[in-house]
Amino acid sequence: APVECDDVVLTGPDSSVLLILANAKLTIGPTTRFEIASTTKVEASKQPNVSLLNLTYGKLRAIVNPPKKDSKGPKSGQANAFQIRTATAVAGVRGTDFFVAYDANAGVTDQATIEGSVEVSQTGSKESVLVEGGKQVTLDATPQAALKAVQIRDSIRNDIRVVSASARDDK
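Not measured: the values here are computed from a predicted model. (Residues numbered from 1 in each chain as written. Predicted model: local features only at pLDDT ≥ 70, side-chain atom pairs only at ≥ 80, totals over all residues. Heavy atoms only, no water.)

**Q** Describe the packing of aromatic side chains, listing the residues and the values that go with them.
**A** The description of two aromatic rings rests on the distance between their centres and on the angle between their planes. On inspection of all chains with the given rule, the structure shows 1 aromatic pair. The interplanar angle of 75 degrees and the centroid separation of 6.5 Å between the aromatic rings of F82 and F98 together place this pair among those described as edge-to-face. Here F82 is found in the loop between β5 (49-64) and β6 (83-85), whereas its partner F98 is found in strand β7 (residues 89-103), with 16 residues between them in sequence. Residues F82 and F98 agree in their burial class; the two are buried. (Phe/Tyr/Trp six-rings, centres within 6.5 Å; stacked < 30°, edge-to-face > 60°. Helix = DSSP H or I, 4+ residues; strand = E, 2+ residues; numbered from the N terminus. Buried < 20%, exposed > 50% of the residue type's maximum accessible area, 1.4 Å probe, protein only.)

Rendered as structure tokens:
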């Protein structure tokens, strides 16, 4: 079924969803809630690109299509054309394949980049970090003086495998 701006997607404890958008493929894990918060129309005859998702809780993997070479790309001052926002972080895609999990009870966001790079900034602060492929960052509601990307932890690797089973033949 087509999705629109302001649509909410919920998965139960024993379910998952593969959502194919104009500019991304999302694999949503069990017990997840997110909203399509913003879209941008590319051309009048084409479906819109999703530009912002609000992840209320749960886990998802996003494989974002790179912008076409002939497109103008993000407007000046706009860092990224695709973002996922949680209560503690905003992950802005600079291209490609990444994972975001938000535990609403603990107030913790985990972001891991599988390929490409993602700029992650902490909500309520000006701190941000560029998370390259093979790295992750963990953020909570406590402002951190310096965000640091580290190697992806085994627990996050396992979460990625569970969530992404239908997204890509994952090695």
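Picking up after the structure, the text goes on.
**Q** Which residues make up helix α1 (residues 154-163), and what are the values?
**A** By the burial criterion, the buried members of α1 are I156, I160 and V163. Seen from one end, α1 has its buried residues packed into an arc of 75 degrees, which puts them on one side. Among the exposed residues of α1, those pointing more than 90 degrees away from its buried face are D154 and V162. (Arc of directions from axis to C-beta.)

**Q** Provide a residue-level description of the pairing of strand β2 (residues 17-20), including the pertinent values.
**A** As paired elements, β2 and strand β3 (residues 24-28) share 4 bridges and run antiparallel to each other. Counted as the bridge partner of I20 is K25 from β3. (Pairing = 2+ DSSP bridges.)

**Q** Got a sec to walk through the environment of Q122? Specific residues and values, please.
**A** Note that Q122 resides in strand β8 (residues 108-122). Residue Q122 is classed as buried on the basis of its relative accessible area, which comes to 3%. Q122 sits 17 residues away from L139 along the chain, and the two C-alpha atoms are 7.0 Å apart. Among the polar contacts listed, one links the side chain of Q122 to the backbone oxygen of D140, at a separation of 2.9 Å. (Polar contact = N/O pair within 3.5 Å; in protein donor to acceptor, adjacent residues only side chain to side chain.)

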